[in-house]
Amino acid sequence: MLILVTATSCKKSFLEQNDPNAIALSADFRSPNDVSLAVNGIYQSLRSSNNIGENSGLWTDERSDDTGRNDNQSNAGEPFQFNNFSLLPSNTYLKSHWVSLYGTISRANVVLTNIDQVAFPDPNLKLQYTAEAKFLRALMYFHLVRLWGDVPLVTSQLTTADDVAASTFREKQATVYAQIVADLTDVVNNSPLPNLQTGANIGRVSKAAANALLGQVYLTMANTLDQTNRTTNLNNAKTYLMNAYSMKTFTSLSSIPYTDVFDVNKKSTCPELIFQIVNKQGDATYGSSIAANNQAKGETINSLLVSTGTGGNVKHDLINEYETGDPRMAYSVKFANDPIVKDWFITKFRDASPAAGNLGYGGNDWNLIRYADVILMLAEVNMYLGDNATAIQYLDMVRTRAGMPTYAASMANASFSNKFSTLKLAILHERRVELAFEHHRWFDLLRFFTTDELVAYFKSKPQADYGAAVITNFSAKDRYYPIPFDEYKLNPAKMYQNSGY
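Residues numbered from 1 in each chain as written. Predicted model: local features only at pLDDT ≥ 70, side-chain atom pairs only at ≥ 80, totals over all residues. Heavy atoms only, no water.

(A) Focus on the overall build of the chain. Across its full length, the chain carries 21 helices and four strands. Viewed in the frame of its principal axes, the chain has a C-alpha envelope of about 100 × 50 × 50 Å. By residue count, 54% of the 501 residues in the chain fall in the buried class. For the chain, the share of sequence-separated contacts (at least 6 apart) that also reach a separation of at least 24 residues comes to 69%. Carbon and sulfur atoms make up 54% of the accessible area of the chain, which totals about 21100 Å². (Helix = DSSP H or I, 4+ residues; strand = E, 2+ residues; numbered from the N terminus. Buried < 20%, exposed > 50% of the residue type's maximum accessible area, 1.4 Å probe, protein only. Contact = heavy atoms within 4.5 Å. Areas by Shrake-Rupley, 256 points an atom, 1.4 Å probe, with all protein chains shown as cover.)

(B) Molecular detail of the packing of aromatic side chains. Scanning the entire structure with this criterion turns up 29 aromatic pairs. Relative to Phe82, the ring of Trp59 lies with its centre 5.4 Å away and its plane at 80°, an arrangement referred to as edge-to-face. Of this pair, Trp59 sits in the loop between helix H3 (32-45) and helix H4 (78-84) while Phe82 sits in helix H4, and the two are 23 residues apart along the sequence. An aromatic cluster is built from Trp59, Phe82, Trp98, Tyr102, Tyr141, Trp148 and Tyr481, whose rings are joined through pairwise contacts. Between Arg146 and the ring centre of Phe142, over which it is positioned, the NZ or CZ distance is 3.5 Å. Of note, Arg146 hangs over the ring of Phe443, and the distance from its end group to the ring centre comes to 3.6 Å. (Phe/Tyr/Trp six-rings, centres within 6.5 Å; stacked < 30°, edge-to-face > 60°. Lys NZ or Arg CZ within 6 Å of the ring centre and 35° of its normal.)

(C) Spotlight on the side chain of Glu380. Considering the arrangement of structural elements, one finds Glu380 in helix H14 (residues 371-384). Look at Glu380 and you get buried, because its relative accessible area is 0%. Setting aside chain neighbours within four positions, we find Glu380 in contact with Leu219, Asn223, Ile427, Arg431, Arg447 and Phe448.

(D) Highlighting the packing of H14 against helix H15 (residues 388-401). Orientation of H14 relative to H15, taken along the N-to-C sense of each, is 155°, at an axis distance of 7 Å. When the axes of H14 and H15 are compared, the pair comes out roughly antiparallel. The handedness of the crossing between H14 and H15 comes out as left-handed. Two secondary-structure elements touch here, H14 through Ala372, Ile375, Leu376, Leu378, Ala379, Asn382 and Met383 and H15 through Asn388, Thr390, Ala391, Tyr394, Leu395, Met397, Val398 and Arg401. Counted by class, the contact of H14 with H15 contains eleven nonpolar, three polar and one charged residues. (Axes fitted to C-alpha atoms, helices over the stretch in contact; angles between N-to-C directions. Parallel < 35°, antiparallel > 145°, perpendicular 65-115°, else oblique. Left-handed = near helix turned anticlockwise from the far one by under 90°. Nonpolar A, V, L, I, M, F, W, Y, C, P; charged D, E, K, R; others polar.)

(E) Representation of the nonpolar core within the structure. The biggest cluster of nonpolar side chains holds 136 residues, and the ones touching the most others in it are Phe135, Trp148, Ile180, Phe275 and Phe458. Contacts of Phe458, omitting those with residues within four sequence positions, involve Arg63, Ser64, Asp65, Phe85, Trp442, Leu445, Tyr466, Ile471 and Phe474. (Core = buried A, V, L, I, M, F, W, Y, C linked by side-chain atoms within 4.5 Å.)

(F) Spatial organisation of the environment of Ile375. Of note, Ile375 is situated in helix H14. Assessed through its relative accessible area of 0%, Ile375 is described here as buried. If sequence neighbours within four positions are ignored, Ile375 has contacts with Tyr245, Leu253, Tyr394, Met397 and Val398.

(G) Representation of the pairing of strand E1 (residues 273-277) within the structure. With respect to burial, E1 is a largely interior element, five of its five residues being buried. As paired strands, E1 and strand E4 (residues 366-370) are joined by four bridges and run antiparallel to one another. Within E4, the residue paired with Ile277 across the bridge is Trp366. (Pairing = 2+ DSSP bridges.)

(H) Up close: helix H10 (residues 230-246). For H10, which comprises 17 residues, the first-to-last C-alpha distance of 24 Å matches the rise-based estimate of 24 Å (1.5 Å per residue) to within 8%. Considered for burial, the residues of H10 that qualify are Asn233, Leu234, Ala237, Tyr240, Leu241, Ala244 and Tyr245. Summarising the axial view, the buried residues of H10 lie within an arc of 145°, below the 170-degree limit, and thus occupy one face. Projecting away from the buried face of H10 at angles above 90 degrees are the exposed residues Thr231 and Ser246. Taken together, the buried residues of H10 touch helix H8 (173-190), helix H9 (207-224), H14 and H15. (Expected span 1.5 Å × (residues − 1). Arc of directions from axis to C-beta.)

(I) Focus on H15. In this model H15 runs 20 Å from its N-terminal to its C-terminal C-alpha over 14 residues, within 8% of the 20 Å that 1.5 Å per residue would give. Those residues of H15 not exposed but buried are Ala391, Tyr394, Leu395, Asp396, Val398, Arg399 and Arg401. Gly403 sits one or two residues past H15 and shows a positive phi near 85°.

(J) Focus on unusual backbone geometry. One non-glycine residue, Phe85, lies in the positive phi region at around 55°. Positionally, Phe85 belongs in the loop between H4 and helix H5 (92-114). Looking at Phe85, the relative accessible area reads 2%, which means it is buried.

(K) Geometry of the confidence of the model for the chain. Averaged over the chain, the pLDDT score is 95; the fraction of residues at 70 or greater is 95%. Here residues 1-15 scores under 50 on pLDDT; set against residues more than four positions off or in separate chains, the count is zero contacts. (pLDDT = per-residue confidence, 0-100.)

(L) Here's a closer look at the pairing of strand E2 (residues 333-337). By the bridge criterion, five bridges tie E2 to strand E3 (residues 342-346) in an arrangement that is antiparallel. Across the sheet, residue Phe335 finds its bridge partner in E3, namely Trp344. Hairpin connection between E2 and E3: a loop of four residues separates the two successive antiparallel strands.

(M) Looking closely at the pattern of salt bridges. Inspection of every chain in the model, using the stated rule, returns 38 salt bridges. When the shortest N-O distance is used, the salt bridge between Asp116 and Lys126 registers 2.9 Å. With a gap of ten residues between them, Asp116 in the loop between H5 and helix H6 (123-148) and Lys126 in helix H6 connect regions that are remote in the sequence. Here the residues in one salt-bridge network are Glu272, Glu323, Asp326, Arg328, Lys348, Arg370, Arg399, Arg401, Glu430, Glu434 and Glu438, joined through shared partners. (Salt bridge = Lys/Arg side-chain N within 4 Å of Asp/Glu carboxyl O.)

(N) Layout of the environment of Met221. Looking at the element boundaries, Met221 is found in helix H9. It is 30 Å that separates the C-alpha atoms of Met221 and Phe262, two residues lying 41 residues apart in sequence.

(O) Looking closely at the environment of Val306. Note that Val306 resides in the loop between helix H11 (290-294) and helix H12 (316-319). Sequence spacing of Val306 and Gly360 is 54 residues, and the spatial spacing of their C-alpha atoms is 8.8 Å.

Structure below.
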């Protein structure tokens, strides 16, 4: 009885217990430094090969006609499905990419949901962190909407199972693009970000990066959404791409050697670079592995690490597209002449210096946006607006820097004009050889061609130049990835599957 009386006389607060392992995320946001660490966490998530880091080519280049493994057995054959256009919704690599992209979005949403509860002595610092989180969220949604079409759109922190259930539905592409535009427009107009980042801040978002990405978003919308707003979207694309271009610190692209863009000793000073994921040479955790991973057996050009495999495979379809004498080919690819490996491999990313070591911890940064890309998009958008003269001027900036003849001179050459009979095909060609292996090719194909045109484009390619993957597998369904099965089964009606899967 005494025990019972004692227990019943206790205050209610004494009996209320909080799970020490279930601390609310909001409790972690007390100071500007807490927000800084959370924003850094968003950037950190980009590094993953399941995200958009240097080794994420499976989702882009290996889906295209540039690269793609010939091994249909390793890892249950799942990576080969991307290249072979035999992708299944149950593919675990597909699910990993989806989860990683949404993981980055979740980190950005946590920052944007909780930042207002923190007192900032410097209001510009709050604006900076907000802009960085919005840019990175927009970048992830831009990848998602291009790869999957309609996707769930989440813009705030989810804290309960009910929140998750309420957000588990696919939003129409136009709505997703509207959110991307809103985020990037806010970054462009309302942030204190510098035009370009320098010194220790290289790798963080800048206004040039935000303008370039927003221009690319509008350019993609113009070619892939309802054509009612096409002209408006093209003019917006031109505006923001020109904004990014006007922020350059060099006078002419030709003043920057092509090799400087990939030189580990010049990555912090090369004026062509706009936005990159920074790696630390010699560091086991934050070093780059792309040079070593791409190196074929018997070769030493990329890395001091001794390779035992095929390296970064290059499709002969790309090899055949390089023009005779294009120095970008000599820098970007090499033929391995090993008794076991006799094929082309990627050499564009190199760090064979002693500082990278025999384990291949290279110093290569992963370049996400650079000025040659912006210039070629300006060529593209001016062409669509009917200003071919200006489009050719931009195209020639890239060709001249590479040491190639101008577009007019090239069109007088039958071997060039027969392959690239229109200005549109010439621009697509230039993007292919200039930006090879930088994870642009698949997105370029989706932007340049309608679904029917893309099917015809792939099926016109010789199987002999495509490797073990079967080119005739390509069909209209391959315009988009299937929704991962684990996501679809959560709500088959609202997470409806893409056509053909």
